[in-house]
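Residue strings, one per chain:
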Amino acid sequence: MQRLAQSDSLAWLQHVVEHTRDYAIVITDARGAVIDWLGAAETVLGYTADEAIGQPLAIIFTPEDRAAGAHFNEMETARRTGRSEDDRWHLRKSGVRFWSSGILQPVRAVDGTLVGYCKILRDRTDVRTQIESLQHRTDALAGELQRRSEFMVRLGHELRNPLAAIRAAGYTIQRIGDPAVQRPCEVLERQVSVLVRLLDDLAEATRADARIARVIPQPVVLHDAVQLAVAAVQQAVDAKKQQLSVIVPDVPIVFEADPARLQQMLTNLLTNASKFTPLGGHVSISATTDASAVVIHVEDNGVGIPPDVLPHIFELFTRSSTTASMADGLGVGLAVVKELATLHGGGIEARSGAQGGSVFTLRLPLQQRRE
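All values derive from a computational prediction rather than experimental measurement.

## Some details on the overall build of the protein chain
When helices and strands are counted, the protein chain shows eleven helices and twelve strands. Within the protein chain, the proportion of its 371 residues that are buried is 36%. Summarising the internal contacts of the protein chain: among those between residues at least 6 apart in sequence, 58% fall at separations of at least 24. Accessible surface computed for the protein chain: about 22,000 Å², of which carbon and sulfur atoms make up 55%.

## Some thoughts on the sheet that holds strand β2 (residues 34-39)
Read from one edge of the open sheet, five strands run β2-β1-β5-β4-β3, paired in antiparallel fashion. Of all the strands in the sheet, the pair left with one neighbour each is β2 and β3 (84-91). Between one strand axis and the next, the sheet turns by 25° as a mean value, whatever way the strands run. Each of β3, β4 (97-108) and β5 (114-123) is contacted by helix α5 (residues 70-81), which is oriented at about 160° to β3, the strand it contacts most.

## Here's the deal with the pattern of salt bridges
Evaluation of the coordinates by the stated rule reveals 16 salt bridges. Ionic pairing is found between aspartate 65 and arginine 88, a salt bridge with its closest N-O pair at 2.9 Å. With aspartate 65 in helix α4 (residues 63-67) and arginine 88 in strand β3, this residue pair connects regions lying 23 residues apart in the sequence. Aspartate 65 gets classed as buried once you look at its relative accessible area, which sits at 16%. The exposure class assigned to arginine 88 is buried, which follows from its relative accessible area of 19%. Arginine 124 is the salt-bridge partner of aspartate 126, the closest N and O atoms lying 3.6 Å from each other. Overlapping salt bridges bring together Asp65, Glu74, Asp86, Arg88 and Lys119 as one network.

## Quick look at the nonpolar core
Leu262, Leu270 and Leu362 are the most contacted members of the largest nonpolar core, which totals 39 residues. Among the elements of the structure, α8 (222-239), β8 (254-257), α9 (259-275), β9 (282-289), β10 (293-300), α11 (333-343) and β12 (356-365) are those that each provide at least two residues to this core. Top element by residues in this core is α8. It accounts for seven residues. Setting aside its immediate chain neighbours within four residues, leucine 362 contacts Met265, Leu266, Leu269, Val294, Val295, Ile296, Ala341, Gly347 and Ile348. Listed in part, the 21 residues of the second largest apolar core include Ala40, Ala70, Ala78 and Leu121.

## Topic: α5
With twelve residues, α5 extends 16 Å between its outermost C-alpha atoms, agreeing within 8% with the 16 Å of an ideal straight helix rising 1.5 Å per residue. For α5, the set of buried residues is Ala70, His71, Glu74, Met75 and Ala78. All buried residues of α5 fall inside an arc of 140° around its axis, so they share one side. Across α5 from its buried face, at more than 90 degrees, point the exposed residues Phe72, Arg80 and Thr81. Each element contacted by the buried residues of α5 is listed here: α4, β3, β4 and β5. The first or second residue beyond α5 is glycine 82, which carries a positive phi of 100°.

## Some points on the sheet that holds strand β7 (residues 243-247)
Read across the open sheet, the five strands follow the order β7-β9-β10-β12-β11; overall the sheet is mixed. Looking at strand neighbours, the two that pair on one side only are β7 and β11 (347-353), the edges of this open sheet. Taken over all neighbouring pairs, the strand axes of this sheet differ in orientation by 15° on average, direction set aside. Where β9 and β10 come together, seven bridges link them in antiparallel fashion. Across the sheet, residue isoleucine 285 finds its bridge partner in β10, namely valine 298.

## Comments concerning the side chain of aspartate 86
Residue position: aspartate 86 is located in strand β3. When its relative accessible area of 9% is taken as the criterion, aspartate 86 is described as buried. Of note is the side chain of aspartate 86, whose polar atom sits 2.7 Å from the side chain of arginine 88. With near-sequence residues (within four places) excluded, aspartate 86 lies in contact with Glu74, Ser100, Ser101, Gly102 and Lys119.

## Regarding the packing of aromatic side chains
What the rule picks out here adds up to three aromatic pairs. With a centroid separation of 5.1 Å and an interplanar angle of 75°, the aromatic rings of tryptophan 89 and tryptophan 99 are classed as edge-to-face. Here the residue tryptophan 89 occupies a position in strand β3, and tryptophan 99 occupies one in strand β4, the gap between them amounting to ten residues. Judged by relative accessible area, tryptophan 99 falls into the buried class, the value being 14%. Taking the centre distance of 6.1 Å and the plane angle of 80° together, the rings of phenylalanine 314 and phenylalanine 360 count as edge-to-face.

## Here's the deal with the pairing of β9
Pairing analysis gives five bridges linking β7 to β9, with the strands arranged parallel. The residue bridging serine 245 from the neighbouring strand is serine 284, located in β9.

Basis of the calculations
- Residues numbered from 1 in each chain as written.
- Predicted model: local features only at pLDDT ≥ 70, side-chain atom pairs only at ≥ 80, totals over all residues.
- Heavy atoms only, no water.
- Helix = DSSP H or I, 4+ residues; strand = E, 2+ residues; numbered from the N terminus.
- Buried < 20%, exposed > 50% of the residue type's maximum accessible area, 1.4 Å probe, protein only.
- Contact = heavy atoms within 4.5 Å.
- Areas by Shrake-Rupley, 256 points an atom, 1.4 Å probe, with all protein chains shown as cover.
- Pairing = 2+ DSSP bridges.
- Axes fitted to C-alpha atoms, helices over the stretch in contact; angles between N-to-C directions.
- Salt bridge = Lys/Arg side-chain N within 4 Å of Asp/Glu carboxyl O.
- Core = buried A, V, L, I, M, F, W, Y, C linked by side-chain atoms within 4.5 Å.
- Expected span 1.5 Å × (residues − 1).
- Arc of directions from axis to C-beta.
- Polar contact = N/O pair within 3.5 Å; in protein donor to acceptor, adjacent residues only side chain to side chain.
- Phe/Tyr/Trp six-rings, centres within 6.5 Å; stacked < 30°, edge-to-face > 60°.

Right, dumping it as structure tokens:
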């Protein structure tokens, strides 16, 4: 396809400039004085060409930007790099500010000598207003979430006091030894335990949602960490007459982790495995290492994870109709484990067999990254 002749190209360029309705085109000399006022410059900036020509480009900058030398910095950047892009507040002749998106490019002679600059800008106050509106809404929602989190923390704290009193009263009544109150007291104790568990989950959900968890890594012995977690769940496992297997290397393995957070992860995984495994079932925890990570498996022969739930198993409040009927809780523990594993620079995966049973694999780096 044949290219336009130079005269035709100039004619097209002149036509585009004269009929541009959105973009102001300002030409300056090498010192930044306006020598041409084109396109939508009069509409966007308010000055006529006669008023603008001869004035410094600084007249369209805000007082604070002029004081900071923004107009000089813009020309210097364009001179050195070939262009200077900016999104900033500019001034119309009336003194009204508008949000501008623009570019400044140097204009050079054939021999490369700098002869001036060309600034093209557009009024994007509408976009800026939308961004600020969205930011205000985001800030308002964040504040509301923070207030809700604080309320939930206070609520959980306040509810523990009456529950402790109810549990103590039930225990006192039970000590009387009257067979008639034995069964109601057992129901009372069981339901109080359910409420305590729900409050624990509520606290975990609040912390996970607010992302206030921190990890303080220090050397940890793998064998000791596993044994502490096993001790924490042993009573619950024994109550369901389950078998708990522990397989860890005899050789001491030391890695870096937050001891409290590590216990929280392992205890949550073991508690979850026992919870969804029937009476007399089997739960196991095994640990090993590879080149860069500690790998911990928690396995059970329980009900398993339905295929539709598996992709969402580490999301807050995830529960299936099958598992919800088997245990109390809000579906928070695994989400907390994932959050803490991520904070350690590791991760966790889950899989479930067609015949039931689940395997959770927790990977944590042997050494934490140093900031």
